[in-house]
Amino acid sequence: MEVLYQHFIYINIIILIAGATSVHLGASFLKRERHTKGFFKYSVFLLALGNGMCCLGYSIMSLSPNLTVAYIFRVIGLAGIDIYLLAEIILVTSCLNFSRRSELFIIGLTSIAVLFDLVIYGHPDADTFIRYDQYNFTTYIRNDPYRHLFHYTYLAILIFCMLIIAIVWAVNVKYKRDRKLVFFAYISNFIFGGLALPDMLKMQVNILCTHFFFCLGIFFAFVVFFVSANNYMAFYITVNSISRDIFSTLGTGLLVFDTNYHLNLANEYANKLLGLDKQPHRIRLKEIFELKSGEPFKMFEKATEGLALDYRLTSIITQKVILVNFSCKMDRNNEPMCYILVATDLTEENRLIKEAQAANEAKSEFLSNISHEIRTPINIISGMDELILRECDDEAIIGYAENINVASKNLTSLINDVLDIAKIESGKLDIVSFDYSIDTVLRDCYNLFINEAKKHHQSLVFKCNSKLPKTLIGDEIRIKQIISNLLSNAIKYTQENGKISVSIDYTVTSADFISLIIKITDNGIGIRKEDIPHLFENFQRFELQRNRTIQGTGLGLSITKNLITLLHGTIEVDSVYEQGSTFTVRIPQRVSDLTPIGEINDYSYTREIRKYESTFIAPKARILTVDDVQMNLDVVCGLLKKTQIQIDCALNGEEALSMMGSTYYDLILLDHMMPEMDGVEVLTRLRADKTNRCNAAPVIMLTANASMGADKKYLEDGFTDYLSKPIQPAQLEAMVQKYLPVEYISHTQHVTEVAAPTGSDLMHSLNFIDANAGLDFAAGDEDFYKQILTTYKEEDKRPAMNDLLAKEDWPNYQILAHSLKGTSLTIGATELSAAAKALEFAVKEDNLEYIKEHHNEVMEKYGQLLEKLKKALK
Ligand code: ADP
């Protein structure tokens, strides 16, 4: 002992170093595991801190000659022991599956005990400090046996509790690594407990430097625990423990290059993807990917600048297309440490893109073929229809023909919609800009929709800022298409009696440009907020149940949006559900003539008669028309009949070529798609055969093939011009006139008969119903319409319906309501028709209450209508 006392100063220094070491270990453990979740790392740090404070406190106490300073450091040392014990309790409880509450309860209780110990055992009365000058150290002797007793009882209880908790822990653990940790926690506590014995027995045995033992005890206890905690953490889920696995098993290639631009690390996936397994270790970027000279250097340079860029590269060895993300990792001094390359295999993606492209091309091909197939019969229908309109004098038949005309136009527009989508999707929709006046566009749109609006008793108002420049430069057709699409929706999705308005305004954006503002407002059904983001998607239709009677494809708005984008414009939607919608379109347009357009008071056309008059005759001209369908030949011949041109027809290419060989034709109209020899081949042979009489004659392609870019192709193939089917009479004549020798053509007087000012007296007197709709149903034949009205007036169904209601004969009542619905609709009494329909449906749905409530009201309306009809028909 004497020897020990004489060298105690060194021993105190060793204790001090041990304390500092443990704090360092604890802090580095905390830093290393900072990414790990949970309390484990904090508990280990607290253990180290407690150990450090204990060693520091007691060693300085022992070194200090001043007894007050010695007392203060002893309290610090005691606080260290308490922190150590508290840390152990926290650690052990956190390793167990205790509920959060129990955990907090145990920790709270221990903290209170620790505080008591600090106050009671850390009190100045607990010990007396003595300085041994001969040995150069200070120590304490017990002053108050009760405080001493308290301290060790407190320790005993704490250790006992810990033992219990540790036993529960030991029983519950499943894995070896957990058992190991429990075992070492025991060992560590035994070491600490064992070396604390001298201090406990200090009152009985006179040992001066007991702190030496328990300081060494707490240090070794910590070291044992720290080593086991370290091992335990190696199993614990930490960034370090799994990063290597992640690196090697990741389904993405990872390559790390050093600052000499050599490959340093590559994971397994990268090795396989890039075929690096067979390569020597340190290779360069240009030996991995196909790169031009200088390119790798640029990649490194960009990465060093802090950019993480994507490249599409091809592997030299595997020839795979790889998406490469290349970035630089900087060190603490913000200097390049290494370069990281993330490689993603695009082979599958490339294959899918190619497949998708092929599918898209097949779709376009299909669409253009199908449109060709559909256009051919429509061509015949509308051509024949045109002939009927020209040659027939029977008004009823002209009326039917007009209906056919409208239907075929609708069908053509549907095909055009589908083709437009295909063109837009493949980026082949061209925008053609010419001078145009917006008032023509507005008039066209107004007249296109006014009847439809009237049919639904909707008011359609067009407004145009009178200061708008008169002539603009832009794609008139597309602008008309945009307004038509939006207007058609406004009419479709607005109830009877609704209001629709189209307003045109503008703002000047520069000297030559304005922004054309088109606003289409309705007070219709509106669009739900959640549907608005999907409004412009293809084939999107909303509230299908509610709108089931409204026809649509869900393509209109998508085409509209795409057209507006192509015109560099924007579209906004402002809609309140159940209240209405406003679509605002802004399109930049160049100004051609700044003169203001002025007030437009009336948007309706003066109705021109349908009969088309030829503008010229050319009896000396001779043309050949070639088509494999006889009806098509009939259409062309019929349309050109009034021009008195001599027309020969051929049904196939072979026949056509032989006719051309023997007769000279001033013009040849040649169909494209023909079996055996198509139009292109006929032309090629004709041009190749120098002996053919028509070798140099102009040849016009007649085509129903509206596929993208086909027009240009025909000209490249050597056709003089082309005309698309269905053939428009005016276009055909203009084309023929353009290519026939001028001397053959003599102009006729073009007569435009203007129809009688809108409607007869009868039509005027029928202002209480939609007489136009009624007249449409009567195929435009006014006499026929009058006849229907008379029959309607005479067939008063009221007595019978009243009778059936009284008898409650519902099946027969339904039949009469159904018939009233139909006949009223036919004469244009849409409101009464709807009321009758409601009665009919009420019977179907067994809603007798509704019938009883509304029958009289409907009958009254019916009576009033009959009265008015009587007056009108007088
Ligand atoms: P559709 O051929 O169905 O009319 P669109 O693309 O033109 O196709 O419109 C898509 C959907 O947007 C419609 O089905 C309808 O539900 C809604 N919609 C479009 N315009 C309006 C409007 N003015 N009022 C209410 N709903 C509208």
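Residues numbered from 1 in each chain as written. Predicted model: local features only at pLDDT ≥ 70, side-chain atom pairs only at ≥ 80, totals over all residues. Heavy atoms only, no water.

**Q** I'm lost on the sheet that holds strand 16 (residues 622–626) in this one. Help?
**A** Strands pair in a sheet through their backbones, by hydrogen bonds, and they do so in one of two ways: parallel or antiparallel. Spatially, 17-16-18-19-20 is the arrangement adopted by the five strands of the open sheet, whose pairing is parallel. Of all strands in the sheet, those bounded by a partner on one side alone are strand 17 (646–650) and strand 20 (721–724). Strand-to-strand twist across the sheet, computed as the mean angle between neighbouring axes with direction ignored, equals 20°. Pairing of strand 16 with strand 17, which is carried by five bridges, proceeds in the parallel orientation. In the strand pairing of strand 17, Ile623 is matched with Ile647. Against the sheet, helix 19 (residues 679–688) contacts strand 18 (667–671) and strand 19 (699–703), and its axis sits at roughly 145° relative to strand 18. (Pairing = 2+ DSSP bridges. Helix = DSSP H or I, 4+ residues; strand = E, 2+ residues; numbered from the N terminus. Axes fitted to C-alpha atoms, helices over the stretch in contact; angles between N-to-C directions. Contact = heavy atoms within 4.5 Å.)

**Q** Which parts of the structure should I look at to understand the packing of aromatic side chains?
**A** Within a pair of aromatic rings, the relevant descriptors are the distance that separates the centres and the angle that separates the planes. According to the stated counting rule, one finds 27 aromatic pairs in the structure shown. Seen from their ring centres, Phe300 and Tyr339 are 4.8 Å apart, and the 90° between their planes marks the pair as edge-to-face. Note that Phe300 is positioned in helix 11 (residues 295–304) and Tyr339 in strand 7 (residues 336–345), a separation of 39 residues in sequence. An aromatic cluster of at least three residues, connected via ring pairs, comprises Phe8, Tyr132, Tyr135, Phe137, Phe212 and Phe213. When the ring centre of Tyr121 is taken as origin, the NZ or CZ atom of Arg74, which lies over that ring, is 4.6 Å away. The cationic tip of Lys561 hangs over the ring face of Phe536; the distance from NZ or CZ to the ring centre is 5.5 Å. (Phe/Tyr/Trp six-rings, centres within 6.5 Å; stacked < 30°, edge-to-face > 60°. Lys NZ or Arg CZ within 6 Å of the ring centre and 35° of its normal.)

**Q** How should the sheet that holds strand 6 (residues 321–330) be read in this particular structure?
**A** Here we have five strands laid out as an open sheet, ordered 4-3-7-6-5, and antiparallel in their pairing. One side of each edge strand has no neighbouring strand; the edge strands of this open sheet are strand 4 (263–266) and strand 5 (309–314). Shown here is a sheet whose adjacent strand axes are inclined to one another by a mean of 25°, direction ignored. As paired strands, strand 3 (residues 253–257) and strand 4 are joined by three bridges and run antiparallel to one another. For Phe257, the partnering residue across the bridge sits in strand 4 and is Leu263.

**Q** Any chance you could explain the packing of helix 4 (residues 67–95) against helix 6 (residues 145–172) here in plain terms?
**A** Viewed as axis vectors pointing N to C, helix 4 and helix 6 meet at an angle of 20°, and their least axial separation amounts to 10 Å. The orientation of helix 4 relative to helix 6 falls into the category roughly parallel. You can see that helix 4 and helix 6 cross each other, and the crossing is left-handed. Counting all contacts with helix 4, which are made through Leu78, Asp82, Leu85, Glu88, Ile89, Val92, Thr93 and Cys95, the residues of helix 6 involved are His151, Tyr154, Leu155, Leu158, Met162, Ile165, Ala166 and Trp169. In terms of residue class, the contact of helix 4 with helix 6 is built from twelve nonpolar, two polar and two charged. (Parallel < 35°, antiparallel > 145°, perpendicular 65-115°, else oblique. Left-handed = near helix turned anticlockwise from the far one by under 90°. Nonpolar A, V, L, I, M, F, W, Y, C, P; charged D, E, K, R; others polar.)

**Q** For this particular structure, what's the right way to read a nonpolar patch on the surface?
**A** A contiguous nonpolar patch, built from Phe366, Ile370, Ile374, Leu411 and Leu414 and spanning about 410 Å² of accessible area, is present on the exposed surface. Of all the secondary-structure elements, those providing two or more residues to the nonpolar patch are helix 12 (347–391) and helix 13 (395–425). Within the secondary structure layout, Leu411 lies in helix 13. (Patch = residues over 30% accessible without salt bridge, like charges linked within 9 Å, V, L, I, M, F, W, Y side chains within 5 Å. Areas by Shrake-Rupley, 256 points an atom, 1.4 Å probe, with all protein chains shown as cover. Salt bridge = Lys/Arg side-chain N within 4 Å of Asp/Glu carboxyl O.)

**Q** How do you make sense of the pattern of salt bridges when you look at a structure like this?
**A** Summed over all chains, the structure comprises 25 salt bridges. For the salt bridge of Glu391 with Lys641, the shortest nitrogen-to-oxygen distance reads 3.0 Å. Taken as a pair, Glu391 in helix 12 and Lys641 in the loop between helix 17 (630–640) and strand 17 lie far apart in primary sequence, 250 residues in all. Under the relative-accessibility criterion, Lys641 is labelled exposed at 52%. Residue Glu840 is joined to Lys821 by a salt bridge in which the shortest nitrogen-to-oxygen separation is 3.1 Å. Highlighted residues: Glu840 in helix 27 (residues 830–844) and Lys821 in helix 26 (residues 810–827), separated in sequence by 19 residues. Here Glu840 and Lys821 have matching classes, each one buried. Via salt bridges that share partners, Arg74, Asp127, Arg142 and Asp199 belong to a single interconnected network. (Buried < 20%, exposed > 50% of the residue type's maximum accessible area, 1.4 Å probe, protein only.)

**Q** Honestly, a negative patch on the surface in this entry has me stumped. Any pointers?
**A** Residues Glu849, Glu853, Glu857 and Glu860 make up a contiguous surface patch of negative charge. Mapped onto the elements, Glu849 comes out in helix 28 (residues 848–873). (Lys, Arg positive; Asp, Glu negative; His and termini not counted. Charge placed at Lys NZ, Arg CZ, Asp CG, Glu CD.)

**Q** What exactly am I supposed to notice about the environment of Thr570 here?
**A** Tracing the sequence through the fold places Thr570 in strand 13 (residues 570–576). When sequence neighbours within four positions are dropped, the list of residues in contact with Thr570 reads Ile564, Thr584, Val585 and Arg586.

**Q** Is there a simple way to explain the nonpolar core in this structure?
**A** Most often, soluble globular proteins have nonpolar side chains that are buried together. Among the nonpolar cores identified, the biggest contains 59 residues, and Phe40, Tyr58, Ile81, Trp169 and Phe214 are the most heavily contacted of them. Ranked by residues supplied to this core, first place goes to helix 4 with eleven residues. What Ile81 contacts, discounting residues up to four positions off in sequence, is Gly50, Cys54, Tyr58, Phe192, Phe214 and Ile218. Membership of the second largest hydrophobic core comes to 49 residues, among which are Ile527, Leu567, Phe583 and Ile597. (Core = buried A, V, L, I, M, F, W, Y, C linked by side-chain atoms within 4.5 Å.)

**Q** Is there a simple way to think about helix 2 (residues 8–32) in this case?
**A** The α-helix advances 3.6 residues per turn, and as a result positions three or four apart in sequence lie on the same side. With 25 residues, helix 2 extends 36 Å from end C-alpha to end C-alpha; this agrees with the ideal 36 Å at 1.5 Å per step. If you check which residues of helix 2 are buried, you get Phe8, Ile11, Asn12, Ile15, Ala18, Gly19, Ser22, Gly26 and Phe29. (Expected span 1.5 Å × (residues − 1).)

**Q** When you look at the pairing of strand 13 in this model, what are you seeing that I'm missing?
**A** Along a regular strand, successive side chains alternate from one face of the sheet to the other. Sheet topology note: the strand 13/strand 14 (residues 580–596) ladder contains seven bridges and is antiparallel. When the bridges of strand 14 are listed, Asp574 appears paired with Thr582. Count of turn residues in the strand 13/strand 14 antiparallel hairpin: three residues, of which Glu578 carries a positive phi of about 70°.

**Q** Looking at this structure, I do not really get helix 5 (residues 100–121). What am I missing?
**A** Under the 1.5 Å per step criterion, the end-to-end length of helix 5 is 31 Å for 22 residues, consistent within 8% with the ideal 32 Å. Taken together, the buried positions of helix 5 are Glu103, Ile106, Ile107, Thr110, Val114, Asp117 and Tyr121. The buried side chains of helix 5 occupy one side of the element, clustering within an arc of 90° when seen end-on. Projecting away from the buried face of helix 5 at angles above 90 degrees are the exposed residues Arg100, Arg101, Leu104, Phe105, Leu109, Leu115 and Val119. Close packing links the buried residues of helix 5 with helix 4, strand 2 (137–142), helix 6 and helix 7 (176–200). (Arc of directions from axis to C-beta.)

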